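Chain by chain, the residues:
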Amino acid sequence: MKLIFERSVPGRGQKIFPSCDVEVKLPDVPMRASAPRLPEISENELDRHYTALAKEARGVNDGFYPLGSCTMKYNPYVNEAIANQKGFTDIHPLQPADTVEGCTEVIDTLEKYLCEITGMDHMTFQPAAGAQGEFTGLLTIKAYFRDKGDLNRNEIIIPDSAHGTNPASAAMAGFKVVEIKSNEKGMIDLDDLKSKLSDKTAGLMLTNPNTVGIFDENITEITRLVHEAGGLCYYDGANLNAVIGIVRPGDIGFDIIHLNLHKTFSTPHGGGGPGSGPCGCKDFLRDFLPGERAVGTGADAHYEHALKSIGSLTAFHGNFLIMVRALSYLQINGGDGIPELAHNAVLNANYIMEKLKDIYPMAYDRICMHEFVMGLEKFHKEDNVSALDVAKALLDFGIHPPTMYFPLIVDEALMVEPTETETRETLDNAIAAFRQIYEEIVKAPAAVTASPQTTPIKRLDEVLAARHPVLRYNFEQ
Amino acid sequence: MIDPKELKYSKSHEWVRVEGDEAYIGITDHAQESLGDLVFINLPEVDDELTVDEPFGDIESVKAVSDIIAPISGVVVEVNEDLIDEPEKINEEPYEAWIVKVANFDGVDDLLDASEYDTFVEEEEDE
Amino acid sequence: MLHDIGYRDWDDLFRDIPAETRLKGRLDLPAGKSEAEVARIMERTADKNRVFHTVFRGGGAYRHYVPAAVNAVAGKEEFSTAYTPYQAEISQGILQSIFEYQTMICELTGMDVSNASLYDGASAAAEACAMTADRKRSVIYVSETVNPRILEVVKTYSFGRDMDVKIVPSADGATDTAALQEMLGQDPAAACFLMQYPNYFGIIKNADEISSIVHAAKAQLVMSVNPIALGILKTPGEIGADVVCGEGQPLGLGLAYGGPYLGILAATKKNMRKMVGRYVGETVDSQGKRGFVLTLQAREQHIRREKASSNVCSNEALCALKASVYMAAVGPAGIRKVAELCTSKAHYLADGLADAGLKPAHSGQPFFHEFVTECKDPSALLSTLQDKGILGGLPISDHEILWCTTELNTKEEMNELIETVKEVLA
């Protein structure tokens, strides 16, 4: 397909801006030598270009998207409609507090909902994504121990099954990462945990259910051990969809958490973002939270900073329009509907797993939560068909592949998360596709390794891309 | 590929070739094979000190990154900068594509010889 | 379904979760409501905000015209509901749009490489500074003329990474180059100098001189830019910047009470592998056809884990798409035009306000679309303006206001503002 620059014709363009109604006056400073080579294109051509690109993209609205650990649920239209109101989109972030009472109400109400759901006391909405929420939480832990004068605690304990963001966030916050092992049941090895707890432990970062889709049944024992050692417990809310309305991190020993509003609380993923990663905490950590919040109404309205704030993560109040969507979503589901989200998410995952486990090897033979992991090492060894091949074969069935090669502790992993918004018919369809691929693996593995056949482009040379990076269009070619 | 007899090997899959007062370090055929197509290498700088069993650089394939562990201690006197543009040379000729040359080195005697290394690799694969 | 796979009831399905860890009772939240009810509730909530139709406030977020094509294109569900394009075969549309975005940012900034986006301009500045640090150089110098909100984020990130942040003082609203030279010259651990272009007070000054000073000290120059201003100004690439960051919100994103916005991050080829966040690169498929993939991923957290230079995972892809559509819609002539409109109007307003009695704080300094005036009682003036439906400039101290104009401010509006100021000061 043509790049937009290849559709450009000199002198073509659109009339967007008015002519200047005052004297044209430019600052007397050095100016750019030449104009940026942006496309020169009519609106019609522009629209056709992006329509063509859209046809070569796939969203949840196109079909089943069981991408493990990503919670690709359907996002209701009403959220979009609500977030697109001028009363939200046209508000300057530095408007006086008494002119943004609607924004304040959104943030305060959302905080109430999410604190009730998580068992936390306070929440900051400044982090723009889950990873930034993690970073916020870890900085808060760091500031807390600094404030207590305990400078010795510089280690964060993280299980080997964790998302890469966990160790990366801990390192960014200046902590040493101490990895602990998972046992044969996919849970934390308690002996390994005990051996690594010390007066250097600042905290434990945990995703529960974890990335293999298993709820750690020793969770209260784990958080008790960490607290006894003097550390804090951090809950990564990446997988909250499995237990929302059923388990509250604050009730099982967690002191600080982050949530992914764009996953659990429904915002379309936008091809990689934007997200929103609020960080919630218990009362004793409140003074360290970042950012400023509008408080009060009318003449009393003003902005406040936390007393010992770690500072700020983004320039203003975080990704506000994502908060609007999350609040709409929560109000529609309500206290009664929220646990049903988890019920159906877990049911859908177990349904697929049960219907496939006779032929696809599961990494852990037990009930899963909202997602499960297959370990296809056997196919790889015996039939020379890798997890990647199975994933690519699914493309030919119009199904977005599961997450591949994660978590790292399972060889040839495929991680499947159907979410609660899919119907039984969709799940049956996916099960049939998986089973048909299995038959091909047995009978004609070459067909599987040669997939996909129906996509507009075949397998791409990633080695070439990485060895000789071409990261922008070359106008001189 | 047969691992050359005249080289010494570490359990972290590096090889060492001693030439007089200097020693060359690279990664073994087994290492490049398990990493797959290499796309980039992070090299140390001249004068950097290597400490046995500590990483001194790393090497990237498309979907993975591995530390390169110092099999011996020593001081870097030269780095193979050709590898920055052509990391694939390690895939093609792992025992020619040296990564660093070190002087004042120590610890060669603790390394494995070719047959010991081959046995070690077999044992590791059986696990 | 539940029975079909052998479970008695929900409790049975959730039996792996120990009873003592489960929530006792129900969530103390209102019952679920219909779509129609929630739409009405949220409409009332939005109505509690005041939408100003005349805005003279910037300070890091700017009210510009958003071409209709921007939201129409970004609203296409194949874009908006897609995940990160890890499966390249079915994501060429997303990947190509990011590749085009990277190219446009390179063109605008004059840099060699751009990533696929970061959260916002402030977090991009923090990551940009961190990119320049290594074992030997880890002190970050920041001009006093950088937006204090950006500075705060840089400091917050530096608290995590245990890096020092030192402030270089200003003279008459611009970086004090003599002080910069002295501070950097004496510090072999200086990693970079972060400047803003145009700066927080709207001023454009000494960029070339600063570049020479910074490079003479063997540090790197990080420039935080306003992308609209680059429609006319000498580019960071021409000035010699090593890393460029910026708030991309002016490129077709609404004000939205602060987000989602767009973090721009671009760099020289030399810094290509130190870049944080995602890249899209060009390659070919098994039949030789041009295609695009996420590339140089071994830098990132999902592979390098605690050794990654940043934890960034989600970015602002849909906002980057909006910025691309904006840049494509306005084209090279439009980006120049909007920059000219912004700065011409600011010059008109500055003159008018000076005549009305608001003395310019930095008279004679060249500025883009923001400028500072002195004012005895900013809050009294601003609240009078507010009563007239005008969001006035930003009070930045007890005696200074930072004003901003964009192409949306008409001469009529500016005259009304000037008249009101005259009345208040009279």
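Remember, predicted model here, so these are calculated numbers, not experimental data.

## A closer look at the nonpolar core
And step 1. Formed by 337 residues in total, the largest nonpolar core has its most connected members in Tyr234(A), Met323(A), Ala125(C), Val154(C), Phe193(C), Leu194(C) and Val222(C).
And step 2. The dominant element in this core, judged by the number of residues it contributes, is helix H12 (residues 317–356) of chain C, at 22 residues.
And step 3. Non-local contacts of Tyr234(A), meaning those with residues more than four positions away in its chain, are made with Gly137(A), Ile141(A), Gly203(A), Leu204(A), Met205(A), Leu206(A), Phe254(A), Ile256(A) and Ile257(A).

## Let's talk about the sheet that holds strand S2 (residues 113–114) of chain C
Residue and element names in this part refer to chain C.
And step 1. Across the sheet, seven strands lie side by side as S2-S10-S9-S8-S7-S3-S4; this open sheet has mixed pairing. Every interior strand has two partners, whereas the edge strands, S2 and strand S4 (165–168), have only one.
And step 2. Alignment of S2 against strand S10 (residues 263–267), held across two bridges, turns out to be antiparallel. Each bridged residue has a counterpart across the sheet, and for Ser114 the counterpart in S10 is Ala266.
And step 3. With respect to the sheet, helix H6 (residues 121–131) is in contact with strand S3 (139–143), strand S7 (190–197), strand S8 (220–225), strand S9 (243–247) and S10, its orientation differing from that of S9 by roughly 165 degrees.

## Regarding the interface of chain C and chain B
A common way to report how large an interface is uses the accessible area buried once the components associate.
And step 1. At the interface, four residues of chain C touch five residues of chain B.
And step 2. Considering only residue class, the side of chain C that touches chain B consists of two nonpolar, one polar and one charged.

## A few points about the pairing of strand S8 (residues 73–79) of chain B
Residue and element names in this part refer to chain B.
And step 1. Strand direction decides the pairing type here: strand S5 (residues 49–50) and S8, joined by two bridges, are antiparallel. Within the sheet, the bridge partner assigned to Glu49 lies in S8 and is Val75.
And step 2. Sheet topology places S8 next to strand S9 (residues 100–106); five bridges connect them, and they run antiparallel. Bridge pairing links Val79 to Val100 in S9.

## Some details on the domain arrangement of chain C
Residues and elements named next belong to chain C.
And step 1. According to the domain assignment, chain C contains domain 1 (54–65 + 331–425) and domain 2 (68–325).
And step 2. Placing a centre on the C-alpha atoms of domain 1 and another on those of domain 2 gives a separation of 28 Å.
And step 3. The interface is formed by 22 residues belonging to domain 1 together with 20 residues belonging to domain 2.
And step 4. Sorting the residues of the side of domain 1 that touches domain 2 by element identifies H12 and strand S13 (370–374) as the ones contributing at least two each.
And step 5. Looking at the side of domain 1 that touches domain 2, the element that brings in the most residues is H12, giving six residues.
And step 6. Of the residues assigned to the side of domain 1 that touches domain 2, the class counts are 13 nonpolar, five polar and four charged.

## Description of helix H14 (residues 411–425) of chain C
Residue and element names in this part refer to chain C.
And step 1. Between its first and last C-alpha atoms H14 spans 21 Å; for 15 residues at 1.5 Å apiece the expected length is 21 Å, and the two agree.
And step 2. Residues of H14 that are buried include every one of Met414, Leu417, Ile418 and Val421, and no others. Taken down its axis, H14 places every buried residue within 95 degrees of arc, on the same side. Opposite the buried face of H14, at more than 90 degrees from it, the exposed residues are Glu412, Glu419 and Glu423.
And step 3. Buried residues along H14 sit in contact with H12, helix H13 (378–387) and strand S14 (390–391).

## Notes on the interface of chain A and chain C
And step 1. The partner chain C presents 161 residues to the 160 residues of chain A that form the contact.
And step 2. Partitioning the side of chain A that touches chain C into residue classes produces 88 nonpolar, 42 polar and 30 charged.

## Let's talk about the packing of helix H5 (residues 130–147) of chain A against helix H6 (residues 165–172) of chain A
All names here are of chain A.
And step 1. Where H5 meets H6, the axes come as close as 9 Å, and the angle between the chain directions of the two elements is 45 degrees. Here H5 is positioned oblique relative to H6, judged by the angle of their axes. As for the relative orientation of H5 and H6, their crossing is right-handed in sense. Seen from H5, the contacting residues are Gly130, Ala131, Glu134, Phe135 and Leu138; seen from H6, they are Thr165, Asn166, Ser169, Ala170 and Met172.

## Focus: the domain arrangement of chain A
Residues and elements named next belong to chain A.
And step 1. According to the domain assignment, chain A consists of domain 1 (78–332) and domain 2 (340–462).
And step 2. The distance between the C-alpha centroids of domain 1 and domain 2 comes to 31 Å.
And step 3. Counting from both sides, the interface comprises 18 residues of domain 1 and, opposite them, 16 residues of domain 2.
And step 4. Class assignment of the residues belonging to the side of domain 1 that touches domain 2 gives a composition of eight nonpolar, eight polar and two charged.

## Observations concerning the confidence of the model for chain C
And step 1. Taken residue by residue, chain C gives an average pLDDT of 96. The fraction at 70 or more is 100%.
And step 2. Overall fold confidence (pTM) sits at 0.96, and the ipTM for the predicted complex is 0.97.

## As for H13(C)
Residues and elements named next belong to chain C.
And step 1. Within the sequence span of H13, burial applies to Pro378, Leu381, Leu382 and Leu385. Projected onto a plane normal to the axis of H13, the buried residues spread over an arc of 95 degrees and lie on a single side. Among the exposed residues of H13, those pointing more than 90 degrees away from its buried face are Ser379, Ala380 and Asp387.
And step 2. Lining the buried residues of H13 we find S14, strand S15 (394–397), strand S16 (400–404) and H14.
And step 3. Backbone geometry just after H13 places Gly389 at a positive phi near 85 degrees.

## A short note on the sheet that holds strand S5 (residues 232–236) of chain A
Residues and elements named next belong to chain A.
And step 1. If you walk across this open sheet you meet the seven strands as S1-S7-S6-S5-S4-S2-S3, and the pairing is mixed. This sheet does not close on itself; its edge strands, each paired only once, are strand S1 (122–124) and strand S3 (176–180). Adjacent strand axes in the sheet meet at a mean angle of 25 degrees, parallel and antiparallel pairs treated alike.
And step 2. Bridge count between S1 and strand S7 (residues 279–281): three bridges; the pairing is antiparallel. Paired with Thr124 across the two strands is Cys279, which belongs to S7.
And step 3. The strands touched by H5 are S1, strand S2 (155–159), strand S4 (201–207), S5, strand S6 (256–258) and S7; relative to S6, the strand with the most contacts, the crossing angle is about 165 degrees.
And step 4. On top of the sheet, H6 reaches S2, S3, S4 and S5; it is set at about 175 degrees to S2, its chief contact.

Rules used in this analysis
- Residues numbered from 1 in each chain as written.
- Chains lettered and ligands numbered in written order.
- Predicted model: local features only at pLDDT ≥ 70, side-chain atom pairs only at ≥ 80, totals over all residues.
- Core = buried A, V, L, I, M, F, W, Y, C linked by C-beta atoms within 7 Å.
- Buried ≥ 20, exposed ≤ 12 C-beta atoms within 10 Å, placed from the backbone.
- Helix = DSSP H or I, 4+ residues; strand = E, 2+ residues; numbered from the N terminus.
- Contact = placed C-beta atoms within 7 Å.
- Pairing = 2+ DSSP bridges.
- Axes fitted to C-alpha atoms, helices over the stretch in contact; angles between N-to-C directions.
- Nonpolar A, V, L, I, M, F, W, Y, C, P; charged D, E, K, R; others polar.
- Domains from an automatic or database assignment.
- Expected span 1.5 Å × (residues − 1).
- Arc of directions from axis to C-beta.
- Parallel < 35°, antiparallel > 145°, perpendicular 65-115°, else oblique.
- Left-handed = near helix turned anticlockwise from the far one by under 90°.
- pLDDT = per-residue confidence, 0-100.

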